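# Coordinate inspection notes
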Amino acid sequence: MGIPARIRVSSAAAQAERYDGDLPLKSLPRLVELLADAGGALRVSLQAQSREGHVALQGSLGGALPLACKRCGKSYDWPLQAEVDWRLVADEASERALMQDFEPLLVEDDELQLREAIEDEVLLCLPMLPRCESCENIVAAQPVAAAPVEEEPRRENPFAALKKQLKSD
Ligand SMILES: [Zn+2]
């Protein structure tokens, strides 16, 4: 089974559907905006199943995403490797209850926008400051400038101030 745009949550779990395949980057418009080039694809491998009364989608997202290096402007392939452990929930109470241990995804009308959820996950994984390997090495090799030692601003001891005041009276 490829990667459908949306899935019916109850039947996905009942049939333990598995979504394996390549999702063209072109089909993820919000992600494409951040890429240096829209060629290529995401490798998606997700398994739906019932887990402790909830529907789980677990698996991984991977691929080489073309990013533009912020330092030299060259485009390079950034390796994405993300583990996914979603719990599909129908209401906010369950969302809050699961938040501690899993990544809950709120689902409406038994329908999950699967490609959008995948795209959201990838967007969260992207580096804030993309740097190609050679720039990364240059940056890593630079000695870290010693941070100036912040001196605690001198504050007058309130009792000393009080004493001074008493003396002058
Ligand atoms: Zn670079």
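Everything below is about the structure printed above this text.
Residues numbered from 1 in each chain as written. Predicted model: local features only at pLDDT ≥ 70, side-chain atom pairs only at ≥ 80, totals over all residues. Heavy atoms only, no water.

## Describing the overall build of the protein
- From N to C terminus, the protein includes 6 helices and 7 strands.
- Secondary structure elements in the protein, listed N-terminal to C-terminal, are β-α-β-α-β-β-β-α-β-β-α-α-α.
- Among the 169 residues that make up the protein, the fraction classed as buried is 32%.
- Contacts in the protein between residues far apart in sequence, at least 24 positions, make up 55% of those at least 6 positions apart.
- Carbon and sulfur atoms make up 52% of the accessible area of the protein, which totals about 11,200 Å². (Helix = DSSP H or I, 4+ residues; strand = E, 2+ residues; numbered from the N terminus. Buried < 20%, exposed > 50% of the residue type's maximum accessible area, 1.4 Å probe, protein only. Contact = heavy atoms within 4.5 Å. Areas by Shrake-Rupley, 256 points an atom, 1.4 Å probe, with all protein chains shown as cover.)

## Digging into the coordination of the zinc ion
- Only Cys69 (SG), Cys72 (SG), Cys132 (SG) and Cys135 (SG) from the protein coordinate the zinc ion, and they sit 2.3 to 2.4 Å from it.
- Around the zinc ion, the 4 donor atoms are arranged such that angles at the metal cover 104 to 115°; this shape is classified as tetrahedral. (Donors = N, O, S within 2.8 Å, 3.2 Å for Na, K, Ca; no water. Tetrahedral: all angles 85-135°; square planar, octahedral: opposite > 155°, others 65-115°.)

## Some remarks on the packing of aromatic side chains
- Summed over all chains, the structure comprises 0 aromatic pairs.
- Here the basic side chain of Arg87 rests over the ring of Phe102, its NZ or CZ set 3.8 Å away from the ring centre. (Phe/Tyr/Trp six-rings, centres within 6.5 Å; stacked < 30°, edge-to-face > 60°. Lys NZ or Arg CZ within 6 Å of the ring centre and 35° of its normal.)

## Describing the nonpolar core
- One finds Leu42, Leu57, Trp86, Leu112, Leu114 and Ile118 to be the most contacted residues of the largest nonpolar core, which totals 38 residues.
- Of all the elements in the fold, those that place two or more residues in this core are helix 1 (9–14), strand 2 (18–24), strand 3 (41–51), strand 4 (54–68), strand 5 (75–89) and helix 4 (114–125). (Core = buried A, V, L, I, M, F, W, Y, C linked by side-chain atoms within 4.5 Å.)

## Regarding the pattern of salt bridges
- With the rule as written, the count across this model stands at 7 salt bridges.
- Of the charged contacts in the structure, one is a salt bridge between Glu119 and Arg30, with a shortest N-O distance of 3.2 Å. Taken as a pair, Glu119 in helix 4 and Arg30 in helix 2 (residues 29–32) lie far apart in primary sequence, 89 residues in all.
- Among the charged side chains, a salt-bridge network with shared partners connects Arg8, Asp110 and Glu111. (Salt bridge = Lys/Arg side-chain N within 4 Å of Asp/Glu carboxyl O.)

## Quick look at the sheet that holds strand 2
- With mixed pairing, 5 strands are arranged side by side in an open sheet as 2-3-4-5-6. Both outer strands of the open sheet, strand 2 and strand 6 (103–106), are each paired with one neighbouring strand and no more. Direction aside, the axes of adjacent strands within the sheet are offset by 30° on average.
- Alignment of strand 3 against strand 4, held across 9 bridges, turns out to be antiparallel. The partner of Ser45 across the bridge, within strand 4, is Ser60.
- Strand contacts of helix 4: strand 2, strand 3, strand 4, strand 5 and strand 6, with the helix running at about 125° to strand 5, the strand carrying the most contacts. (Pairing = 2+ DSSP bridges. Axes fitted to C-alpha atoms, helices over the stretch in contact; angles between N-to-C directions.)

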